[in-house]
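Examination of the molecular architecture
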Amino acid sequence: MKFLFPYLCFLPVVAMAQPAQLSLSANMHITSSAIVKKDIYHLNATEDFDKSVIVIEGNNITIDFNDAILAGSNDKKFPNEYYGTGILVKNGKNITIKNARVKGFKIALFALNVDGLTIENCDFSFNYRQHLQSNREREDVSDWMSYHHNEKDEWMRYGAGIYLSNCNKAKIFNNLVSNGQCGLMMSNCNDGMIFNNNFSFNSAIGIGLYRSSRNAILRNKLDFNVRGYSHGIYWRGQDSAGILVFEQCSDNQFNYNSATHSGDGFFLWAGQTTMDTGEGGCNDNIILGNDFSYAPTNGIEVTFSRNFIQQNTIKECDHGIWGGYSYNTFISKNIFVKNRIGIAIEHGQDNSIYNNKFNGDKEAIKLWARKTQPPDWIYAQKRDTRSKNYHISNNNFRDNPLGINVTLSDSVYANKNSFEDCNRPYKIDSSVFVFDSVNGRPGGLNEIPDKYLNVKPLPPNYKKKYPDFNFPKGKKEIRITEWGPYNFQYPIVWLSKIDSSGRMYFDILGPKGTWKIKRIKGIGGIFVQSGTFPASISGIKISNSDETVIELEYIGASFVSQLGEIIPAKQPYSFSYYAFNSPLNWNVNWYKWDELHDPNKGYSSFQQVFNNTPLFSTNTPKLEYTWWGKIGENLPADSFATVATTTINLPKGKYKLGVTADDLVKLYVDGKPVIDFWDASKYVYDEDAHHSVILELEGKHDIRLEHVENSGFATILFSITPVKD
């Protein structure tokens, strides 16, 4: 319904209409400027993204939400269950949304076909997040993100604080999105200004762009947008990033942002269009003055494109810059510290690397190529992909075991560089055609195009509404919980390591306050029973216990819990470490299948392969397999089946059984199917690999898992955990 002003107040000289004051209700359609009555509105949405609780449509509209709270999914408990859109802004010009607080939705604010949209001073935290399946000990492929296709806004399946589609000249500033999956996602949005926002501590993306150009992304906080990391065990990142730039995004500026402790600090890929045609790319972007430190993978990843990278700080990443197939790219005045490789570029061309500082990187610069490219790869058919024509000059190398490492490249000129305490300044093998460390590149340094010198300034006189988060620095501070990165704002007891003797070491972190241990099970020898934050404790795991539990009580300052609940000061709050230790003995058999027994064509005929002698058999306490090729020596990589059986004895209760499988899987309990995923056409995204069921169980139960691998990557991961009410 439309809301009309109840009256107009006419002054002697100027006619002025006062904005309407609104109380929000479900299915409200707003077409005029208004101020929302400050309140908490518990309003559920529908599952459809193009429908929402509140629809705002029209031209020259300002909606001041007045710090009102719009809470959705009130019938759900966990973030992966959140659904619908809170606010839909569509089909208009010059619409301003300010001072809104929206939580509990798949997407807090969705804007479609709006020119001149302004979003300011809004809090879109605590919206949708996946329930992550990776844990401290092992990675789960179903947690990987995938951005390759978004022509139909497929990214919306990941949720967002703000999602913009076909919105040009947007101005997004002073907003907070935290404790969600994605902060701000932009598709087909050009000429925007995104500044002074805090999109930190999300489980995937801070700011993401798709087919979006000429935007200015300035001075935002985008820290701890990360998943897929377990300190000292695996460091995959799973394509999380502080800043994501995908598919034909050009002439953007990314200046003076902080995107530390993210999967990649900055992740740019030219796009599928470029892979299929050899044309276009994410070109001529300026990446200036940012901090991309402490990324589990790459501080900056820029591939198949040309860009300008200057004055960034990149510390303690796997790669400082990964620049595969980059060309005509300028990398200058950056600081690289203690990365595994400072700059790594395969098949790059005409790149300039100058006036950078490398300090403590194991390898400072690595340039290389492969001897051949895949014969069916169109990009390689359309483009010259040789590694050639580098100018590396006036860089300072300090305490690098290896300075410049070059393989299968041509015309690499490295002059006027300084080396201090470097074991080996150069490693140049016989495959390099021309390497000159004296004379420099003929013609000198490539001239910097004027377009890279036009740096956009931050708009003046804008004050931050939301303060920056305070957090310790270093990759060891990345702790991925089942809902995403720990944000240092609520009490947690975190298993940091288990030594060879079985001693378990825990960090106790949280806001200012005190803690004490209330209950311990399955672990002994913990002598410290109380203290203040932060603290560390350790104990020995008891091998025959079915559970490991440390339950603690916090009393102290007010805080916001992991799921967004406000806990008052001095109110006792329980938090715990829990592990379920039910012993299993899996009997695992592998079989080969052929066209006559193709599982994709019929399950009945496929079952006959189980009558054959297994290719290989083994016993294992954990069903946790990941194969990137053959499953073993003299064993197949593709077209195989796995049958795993075990018996489990459980106390009465509810249990969640989870299976991650690539490609097909059936799970039986006592001969009855409880998970049946036997249609490869339904396996579209990585998250589709995970399946789960909750069952009431007691006593002994037989479990049988049947798995089929078609081709490529393969995995089987099984888990069982009690469900706590």
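Refer to the structure above for everything that follows.
Reading the values: rules and limits
- Residues numbered from 1 in each chain as written.
- Predicted model: local features only at pLDDT ≥ 70, side-chain atom pairs only at ≥ 80, totals over all residues.
- Heavy atoms only, no water.
- Helix = DSSP H or I, 4+ residues; strand = E, 2+ residues; numbered from the N terminus.
- Polar contact = N/O pair within 3.5 Å; in protein donor to acceptor, adjacent residues only side chain to side chain.
- Pairing = 2+ DSSP bridges.
- Axes fitted to C-alpha atoms, helices over the stretch in contact; angles between N-to-C directions.
- Core = buried A, V, L, I, M, F, W, Y, C linked by side-chain atoms within 4.5 Å.
- Buried < 20%, exposed > 50% of the residue type's maximum accessible area, 1.4 Å probe, protein only.
- Contact = heavy atoms within 4.5 Å.
- Salt bridge = Lys/Arg side-chain N within 4 Å of Asp/Glu carboxyl O.
- Disulfide = S-S within 2.5 Å.

1. Some details on the environment of tyrosine 668
With respect to the secondary-structure elements, tyrosine 668 resides in strand E58 (residues 664-669). Considering only alpha carbons, one finds tyrosine 668 and arginine 704, 36 residues apart in sequence, at a separation of 5.1 Å. In this structure the side chain of tyrosine 668 is engaged in a polar contact, spanning 3.2 Å, whose partner is the side chain of tyrosine 603.

2. Brief notes about the sheet that holds strand E8 (residues 69-71)
In spatial order, the strands read E6-E8-E10; together these three strands make up an open sheet with parallel pairing. Because the sheet does not close on itself, it has two edges, and the strands there are strand E6 (40-42) and strand E10 (101-103). Averaged over all adjacent pairs, the angle separating strand axes in this sheet is 15°, with direction ignored. Pairing of E6 with E8, which is carried by three bridges, proceeds in the parallel orientation.

3. Brief notes about the nonpolar core
Counting residues in hydrophobic clusters, the biggest one holds 83 residues, and the most contacted among them are Ile56, Ile87, Val89, Phe124, Leu164, Phe266 and Ile365. Top element by residues in this core is strand E7 (residues 52-64). It accounts for five residues. Ignoring any residue separated from it by four or fewer positions in sequence, one finds phenylalanine 266 in contact with Ile243, Val245, Phe254, Ile287, Phe292, Gly299, Ile300, Glu301 and Val302.

4. A short note on the pairing of strand E11 (residues 107-115)
Here strand E9 (residues 85-98) runs beside E11; their pairing, made up of seven bridges, is parallel. Residue pairing in the sheet places glycine 92 in a bridge with valine 114 of E11. In this sheet, strand E13 (residues 160-165) lies alongside E11 in parallel orientation, the contact comprising five bridges. Bridging across to E13, isoleucine 107 finds its partner in alanine 160.

5. Some words on the sheet that holds strand E50 (residues 547-556)
Strand order in this open sheet of four strands is E48-E46-E50-E53, and the pairing throughout is antiparallel. Looking at the sheet topology across the chains shown, the edges are occupied by strand E48 (530-532) and strand E53 (573-580). Between one strand axis and the next, the sheet turns through 25° on average, direction left out of account. Pairing between E50 and E53: eight bridges, direction antiparallel. Directly across from threonine 548, in E53, lies its bridge partner alanine 579.

6. Structural notes on the pattern of salt bridges
Under the defined criterion, the tally for this structure stands at 28 salt bridges. Notably, a salt bridge pairs arginine 211 with glutamate 151, separated by 2.9 Å at the nearest N-O pair. On the criterion of sequence distance, the pair formed by arginine 211 in the loop between strand E17 (205-210) and strand E18 (216-218) and glutamate 151 in the loop between strand E12 (118-120) and E13 is long-range, its members being 60 residues apart. By relative accessible area, which is 26% here, arginine 211 ends up partly exposed. Across the salt bridge formed by glutamate 551 and arginine 519, the nearest N and O atoms sit 3.4 Å from each other. Placement of glutamate 551 in strand E50 and of arginine 519 in strand E46 (residues 513-521) is noted, with a sequence separation of 32 residues between them. One network of salt bridges, in which partners are shared, links Lys476, Glu477, Arg479 and Asp507.

7. Points about the side chain of threonine 118
Tracing the backbone shows threonine 118 in strand E12. Since its relative accessible area comes to 14%, threonine 118 is described here as buried. Excluding its chain neighbours within four sequence positions, the residues that come into contact with threonine 118 are Ile95, Thr96, Ile97, Lys171 and Phe173.

8. Comments concerning the state of the cysteines
Within this structure, the stated rule accounts for zero disulfides. The thiol of cysteine 282 is unpaired, and the distance to the nearest cysteine sulfur, on cysteine 249, comes to 4.6 Å. The exposure class of cysteine 282 is buried, given its relative accessible area of 0%.

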